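# Structural overview
Okay, here's what each chain looks like letter by letter:
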Amino acid sequence: MGSTFILKVRTSLKSSQLFFQHGRPAFSTLQPPWVLSVCSREPSLTLGVRRTHRSSSGQTKGEGGVRNSTIRSGEEDGTVNGGGDKRSAPRQRIHKSVFAAGTAKRTADILRRRAPLVCEYKDEEEPERRSDRGAGRLQPPQRPLPSNEWKKLKESQGNPPRFEIQMMKALFTSGGELDVAKSLLTFVATETGTLSYELLLRYLTLCVSSGHDAEVFDVYDIMRGSFPSLDTGASSLFIKAFSRTARWREALNILQELKKTFSPSPRNYGDVIAAAMQHGDTSTAWALYDELIDNGLSPHQETWETVFKVAGKKEGEEGTSAMSQAEQQERHLGILLHMRNNQIYPQQSLASSIKSWFESLTGQEWTGSWTTATPKGVCRSCGSELESIQLTAEEYQQLKDRVMTDIIEGQDVFTNTTPELLLVVSELVDRQGLTVLVLGRKHMLRPSRSWDRNNMNLIQQKAHCFFTDNISEDDPFLLYATLHSGNHCRFVSRDLMRDHKACLPDGTTKRLFFKWQRGHQLVVDGHVTAGRRVRFQSIPSYDTIVQTSGGKSWHIPYDETEDRSTYEVPQHWLCLNKKL
């Protein structure tokens, strides 16, 4: 079995790259922190290594590599083993992937705890400084004031020109009583004979946030009668407030008016969709939902949650036509497919609504359970296999072409590296018996504190070396080398490649890159230390995405934590199975 190893190492100021390949030239470059790319014809490679003895038979047909190394998956082995097979490998704890939900938050917490004590002293001083800064701010009264008392209060503050605006803002931020705000409006109307648009808008915000819908109706009448049009802020607030009342159809009218001058937000659509669903007008709700999707917007999770919660209600209110259960089921399954196609993960509350909806379907006997997956991608609840993380041949070619066009042909230059190169080369050459090509930069050949001449001589004795100009780029060449080595190739790096993913032109390609990255990127676990084995975090063999099997089962990854970063994936699943 041919295997290829690409290694890229970096720290801070300099740049160099290793590309390990048997039998044929290859290349790559270097960047921070440190990166290794591992290629093997074993698609299940994650952590462990089983090595066969060197063979003089030469290259594998069509591969350009030599059959002197076989990479095997070590499901629970976090080390790179120099010999033996999977059965003899030591069993150790599984290391979570860098892409696992909550990893970034936990890392940040660890770094915060390790911060110098001076930071703690600084934090202790912050509240006092914040208090001093806020001392001069307006303090709203605790009760409604008559106009003469408002006037005295304004004079005591030096008659600031925006007194009423700042006071209304203070009432909102402090959760002041509505009666106090109303008395302020009375004072302003008495003093000036009118109420400004901005002041009414701030009062409207207070009314909507505190649930005073009757007051919202009054403000709506005032603003409609006083101003020729409403801005997006006022329209959005009125849509939200009207949608939660029996006058919800007026929110639909406001939405239609808003579309004449502005593009409604997903929240605007979601408020009216939820209202239509809750009042039984599912035809209107789905029409608005289709419009939202056609406009390239993504619904808020609260919108989907409402759709699934009220799905069992009967239609017929207000003269609307009913949808059959089959039609409704098709629409709801369409939401799950939308999540799949856009790599969207429902929050736990939405996942609970989805579970309840499935279990409520008449005559279908669905059962749901909360579960996780094994490292091999098997659902712990039903035992079925989840979809592979590997890209199809068509997806791989599409990604390969886009990376070449959008990343490699137009990338910023990065310049970082590490002198720990010799340790990694020694591990791969001396312990694992691999043929190594080191691609570095010419400055590495000049003796310096970072690049010891003796170490560089040893590297050149152990590996084939090629040194490029110092201005060469790093990550783009790593990506190029990895992708052009084939779909079996994997790389090791702590760099999450977010800058490079951002260069890709569309959401579909970005999702393909992220899928390929999660299935091919190994991250060194801990530090590279002389005398200790190199450990890696695990690569999952399955894709974390909404998936179904012939309509008989669904597996939905969901967010069980609010600490997940955008480049991380959930670790918990909702398993749904239909009784046959």
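Looking at an unreviewed UniProt entry, the protein carries the name Mitochondrial ribonuclease P catalytic subunit, with the source organism given as Pundamilia nyererei. Comment text from UniProt for the protein, heading Subcellular location (unreviewed entry), reads "Mitochondrion". Of the protein, the UniProt comment under Catalytic activity (unreviewed entry) reads exactly: "Endonucleolytic cleavage of RNA, removing 5'-extranucleotides from tRNA precursor."

Another point: the packing of aromatic side chains. Applying the stated rule across the entire model yields 13 aromatic pairs. With a centroid separation of 6.3 Å and 65 degrees between ring planes, the pair formed by Phe 238 and Phe 242 is classed as edge-to-face. With Phe 238 and Phe 242 both in helix 8 (residues 232-243) and four residues apart, the pair spans about one turn of that helix. By relative accessible area, which is 0% here, Phe 242 ends up buried. Of the aromatic side chains, those joined through ring pairs into one cluster are Phe 217, Tyr 220, Phe 238 and Phe 242.

What follows is about the packing of helix 11 (residues 282-294) against helix 13 (residues 325-341). Contact pair helix 11 / helix 13: the axes reach a minimum separation of 13 Å and the direction vectors enclose 20 degrees. Classified by the interaxial angle, the pair formed by helix 11 and helix 13 is roughly parallel. Judged by the twist between their axes, the crossing of helix 11 over helix 13 is left-handed. For the pair formed by helix 11 and helix 13, the contact residues are Trp 286, Tyr 289, Asp 290 and Ile 293 on the first element and Arg 331, His 332, Ile 335 and His 338 on the second. By residue class, the composition of the contact of helix 11 with helix 13 is four nonpolar, two polar and two charged.

What follows covers the nonpolar core. In this structure, Phe 238 and Ile 354 are the most contacted members of the largest nonpolar core, which totals 76 residues. Apart from the residues within four sequence positions on either side, Ile 354 is in contact with Phe 308, Leu 336, Met 339, Pro 346, Ile 556, Leu 574 and Leu 576. Counting residues in hydrophobic clusters, the runner-up holds 14 residues, among them Leu 479, Met 497, Leu 504 and Trp 516.

So, on to helix 20 (residues 507-520). In a regular helix each residue adds 1.5 Å, so 14 residues correspond to 20 Å; helix 20 covers 20 Å between its end C-alpha atoms and thus fits that length. Counting buried residues in helix 20 gives ten out of 14 residues, a clear majority hidden from the surface. At the N-terminal end of helix 20, a side-chain oxygen is found 3.1 Å from the backbone nitrogen of Thr 508, two or three residues along, and the residue is Asp 506.

What counts, and at which threshold
Residues numbered from 1 in each chain as written. Predicted model: local features only at pLDDT ≥ 70, side-chain atom pairs only at ≥ 80, totals over all residues. Heavy atoms only, no water. UniProt positions renumbered as here; feature names shortened; annotations may be inferred. Phe/Tyr/Trp six-rings, centres within 6.5 Å; stacked < 30°, edge-to-face > 60°. Helix = DSSP H or I, 4+ residues; strand = E, 2+ residues; numbered from the N terminus. Buried < 20%, exposed > 50% of the residue type's maximum accessible area, 1.4 Å probe, protein only. Axes fitted to C-alpha atoms, helices over the stretch in contact; angles between N-to-C directions. Parallel < 35°, antiparallel > 145°, perpendicular 65-115°, else oblique. Left-handed = near helix turned anticlockwise from the far one by under 90°. Contact = heavy atoms within 4.5 Å. Nonpolar A, V, L, I, M, F, W, Y, C, P; charged D, E, K, R; others polar. Core = buried A, V, L, I, M, F, W, Y, C linked by side-chain atoms within 4.5 Å. Expected span 1.5 Å × (residues − 1). Polar contact = N/O pair within 3.5 Å; in protein donor to acceptor, adjacent residues only side chain to side chain.

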